[in-house]
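# Structural overview
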Amino acid sequence: MKLYTCLIVLTALVLILCLVLFWGVNSVRSQSWQERFPEPMMRWLASVPAPAAHYPWLGSFYDFRVIRPDALAPVVQERLAYGQVVALASTLGPEILVQNTDDTVLKLRFREVYRDVAEATALIVRGHLSALLPQERDAAIERLSNAFSVQLALLSEAESLPESDVLERVSERGLSYYQASQDSAAKVLIRLDDGALARLQMPPPFNPRAWPVMLLLVLVAGGALAGALLLLLRGVDHNLRAVESVAVRIARGEMDARVETGESQLVSRLAATFNSMAEHIQRLVGVQREMIHAVSHELRTPVARIRFGVQMIEDCDNAADLQKQLDGIDGDIQELDELIDEILTYARLEQGGPVFALHESSVIDIVRQVVSEQRLIHTKVAIDAVVPAEAETWALSDVEPRYLHRAIQNLVGNAARYANGQVRVTCQLDEHTCRVDVEDDGSGIPEEDWEKVFTAFARLDDSRTRTSGGYGLGLSIVRRILYWHGGQAFVARSDELGGARFSLVWPRKKAEEREEPVRP
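### Examining unusual backbone geometry
We note that aspartate 63 has phi near 50°; this positive angle belongs to a residue other than glycine. With respect to the helices and strands, the residue aspartate 63 is situated in the loop between α4 (57–62) and β1 (65–67). The class for aspartate 63 is partly exposed, based on a relative accessible area of 21%. Even without being a glycine, serine 149 presents a positive backbone phi close to 55°. By secondary structure assignment, the location of serine 149 is in the loop between α7 (137–148) and β5 (151–154). Residue class for serine 149 comes out partly exposed when judged on its relative accessible area of 47%.

So this is what it looks like as structure tokens:
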């Protein structure tokens, strides 16, 4: 979002820059055009002695005046002295000035420069052509066209005439200004004193959207955006190269390599995700190494016993000894089968877990089922299920029954092995949370080992016999099952029974859009 906001702000700034540039460039162009466009007509008037006498309509139509140069600003005087035509802004319209041959200054004021100059030029042309004989007009037309930089021609009968409204205006005023569109060149139809018609076509009007201006705006906008994107992508490329470097180091076996997060939000998120992935990979590699080491150790003992039993079978002299050895081998094979099942379950959960299909099931029913099953296995231990009456209301929870059953079963079975005579399973359920506590009256677990018991293949004793209490995978499986339920498993001391207390806590209802919980 921050990146998109920066791009939007950058685009807005570029647009503002283009608008300011467009206005600034066209202000200069418009000023220059206002001085260049009327220049031929102003030069003509300056070359005519006593222009007010020759063209008496100048004063009434365009406020024609002859002024002294010292009434003007020094800069304007200097420009006029160089022979330039000067346009000055005024409240009544632009004032056009040119220096006369006698060092006076001619000044005309126009309301609309383009139209007024066109009509004034047409009036001058009309006066000169009307004073000439028809046979003299062709040479005069060429001379006037060059002097005023216009296209001037007499209309013959063969040529198509303008529309009727233009003809009506020319019959009333002697001339008619018309323009096909705002951007097209204007034309003035002139009626001479003898009734002949002439057409005067002016140069095109000022165009603020001329292609050089638009090209300049495109270049400026493109250059600004390209420069900004270059700076942005340069920083992104630098950070991506840092990520690439760390990826290469991890590929070489440096599993502890990490990307340093920078100030860029985009790259910092990528770095955080990459580091999370690297930590997960490092943890999985570590788990794999531990598993290979532990599995090789765990398999060695039953395999050795089986080999020993096979050798003993060869020396058995009676059926009772033979059956004893066969039963031992069968037990060892059963142990191997259970070990392999534990390893596969742990690996499946650790490597990404099953695709849990969470659906509504009764937690209390699962607890009672586990308790009834464990009572049949551990007959010397009193295993009780404690379910408060208020918990019955919230018994239904979104769980995977088979795996939740496995987690509670592992805890109850583990507690029964180490209990002196009592195991208690308590359900604490409310609207939002499910909690199952498994307590025993055994010797408990030292506080410094509370986290260690959840580590794969970790056991707090060094015994490796068949009756030692499992393979060190049961509690690891419990934690992974709770992880995939969005919950947590932890251990403490039982205040009432004095032994260990294992607790499973998870949300009663799964969230519609819930982020994956942090791996323990």
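### Some remarks on the pattern of salt bridges
All chains considered together, the criterion is met by 19 salt bridges. Of the charged contacts in the structure, one is a salt bridge between aspartate 63 and arginine 109, with a shortest N-O distance of 2.3 Å. Here the residue aspartate 63 occupies a position in the loop between α4 and β1, and arginine 109 occupies one in strand β4 (residues 105–109), the gap between them amounting to 46 residues. Of the charged contacts, one joins glutamate 254 and arginine 249 as a salt bridge, the two residues approaching to 2.9 Å between their closest N and O atoms. Take arginine 249: its relative accessible area is 30%, and that puts it in the partly exposed class. Each of the salt bridges in this network shares a partner with another, and the network as a whole consists of Asp63, Arg65, Glu95, Lys107 and Arg109.

### Details of the pairing of strand β7 (residues 187–191)
As paired strands, strand β6 (residues 175–178) and β7 are joined by four bridges and run antiparallel to one another. Within β7, the position partnered with leucine 175 by the bridge is isoleucine 190. Where β7 and strand β8 (residues 197–201) come together, five bridges link them in antiparallel fashion. Each bridged residue has a counterpart across the sheet, and for lysine 187 the counterpart in β8 is glutamine 201. If you look at the hairpin formed by β7 and β8, you'll find five residues sitting between the two strands, and glycine 195 has a positive phi there, around 90°.

### A word on the packing of aromatic side chains
Taken as a whole and assessed by the stated rule, the structure comprises eleven aromatic pairs. Ring centres of tryptophan 57 and phenylalanine 61 lie 6.3 Å apart, and the angle between their planes is 40°; on these two criteria the pair is classed as tilted. Residue tryptophan 57 and its partner phenylalanine 61 are located together in helix α4, separated by four residues, close to a single helical turn. Arranged with centres 6.1 Å apart and planes meeting at 85°, the rings of phenylalanine 61 and tyrosine 62 form a pair that is edge-to-face. An aromatic cluster of at least three residues, connected via ring pairs, comprises Tyr55, Trp57, Phe61, Tyr62 and Phe110. Here the basic side chain of arginine 480 rests over the ring of tyrosine 483, its NZ or CZ set 4.5 Å away from the ring centre.

### Some thoughts on the environment of valine 48
Relative to the elements of secondary structure, valine 48 occurs in the loop between α2 (39–47) and α3 (51–54). Distance from valine 48 to threonine 101, taken between C-alpha atoms, is 9.0 Å for residues 53 residues apart in sequence. Not counting the four nearest positions on each side in its chain, valine 48 is found in contact with His54 and Tyr55.

### A few points about α7
Here α7 spans 16 Å end to end across twelve residues, near enough to the 16 Å set by a 1.5 Å rise per residue. Among the residues of α7, Arg137, Ala140, Ile141, Leu144, Ser145 and Phe148 are the ones counted as buried. One side of α7 carries all its buried residues, which in axial view fall inside an arc of 135°. Counted as exposed and oriented over 90 degrees from the buried face of α7: Asp138, Ala139, Glu142 and Asn146. Contacts from the buried residues of α7 go to α2, α6 (113–130) and β5.

### A closer look at the sheet that holds β4
Strand order in the open sheet formed by four strands is β1-β4-β3-β2, with antiparallel pairing between adjacent strands. At either end of the open sheet lies a strand with only one pairing partner, and these are β1 and β2 (86–88). Strand-to-strand, the axes of this sheet are offset by a mean angle of 30°, without reference to chain direction.

### Considerations on a negative patch on the surface
Residues Glu314, Asp315, Asp317 and Asp321 make up a contiguous surface patch of negative charge. Inspection of the secondary structure assignment puts aspartate 321 in helix α11 (residues 319–350).

### What to know about the sheet that holds β6
Spatial strand order, β5-β8-β7-β6: four strands in an open sheet with antiparallel pairing. Taken across any chain shown, the strands that pair with only one partner, and hence form the sheet edges, are β5 and β6. Put simply, the sheet's adjacent strands are angled 15° from each other on average, direction ignored. Sheet strands touched by helix α8 (residues 164–173): β6 and β7. Its angle to β6, the strand with the most contacts, is close to 145°.

Analysis parameters
Residues numbered from 1 in each chain as written. Predicted model: local features only at pLDDT ≥ 70, side-chain atom pairs only at ≥ 80, totals over all residues. Heavy atoms only, no water. Helix = DSSP H or I, 4+ residues; strand = E, 2+ residues; numbered from the N terminus. Buried < 20%, exposed > 50% of the residue type's maximum accessible area, 1.4 Å probe, protein only. Salt bridge = Lys/Arg side-chain N within 4 Å of Asp/Glu carboxyl O. Pairing = 2+ DSSP bridges. Phe/Tyr/Trp six-rings, centres within 6.5 Å; stacked < 30°, edge-to-face > 60°. Lys NZ or Arg CZ within 6 Å of the ring centre and 35° of its normal. Contact = heavy atoms within 4.5 Å. Expected span 1.5 Å × (residues − 1). Arc of directions from axis to C-beta. Axes fitted to C-alpha atoms, helices over the stretch in contact; angles between N-to-C directions. Patch = residues over 30% accessible without salt bridge, like charges linked within 9 Å, V, L, I, M, F, W, Y side chains within 5 Å. Areas by Shrake-Rupley, 256 points an atom, 1.4 Å probe, with all protein chains shown as cover. Lys, Arg positive; Asp, Glu negative; His and termini not counted. Charge placed at Lys NZ, Arg CZ, Asp CG, Glu CD.

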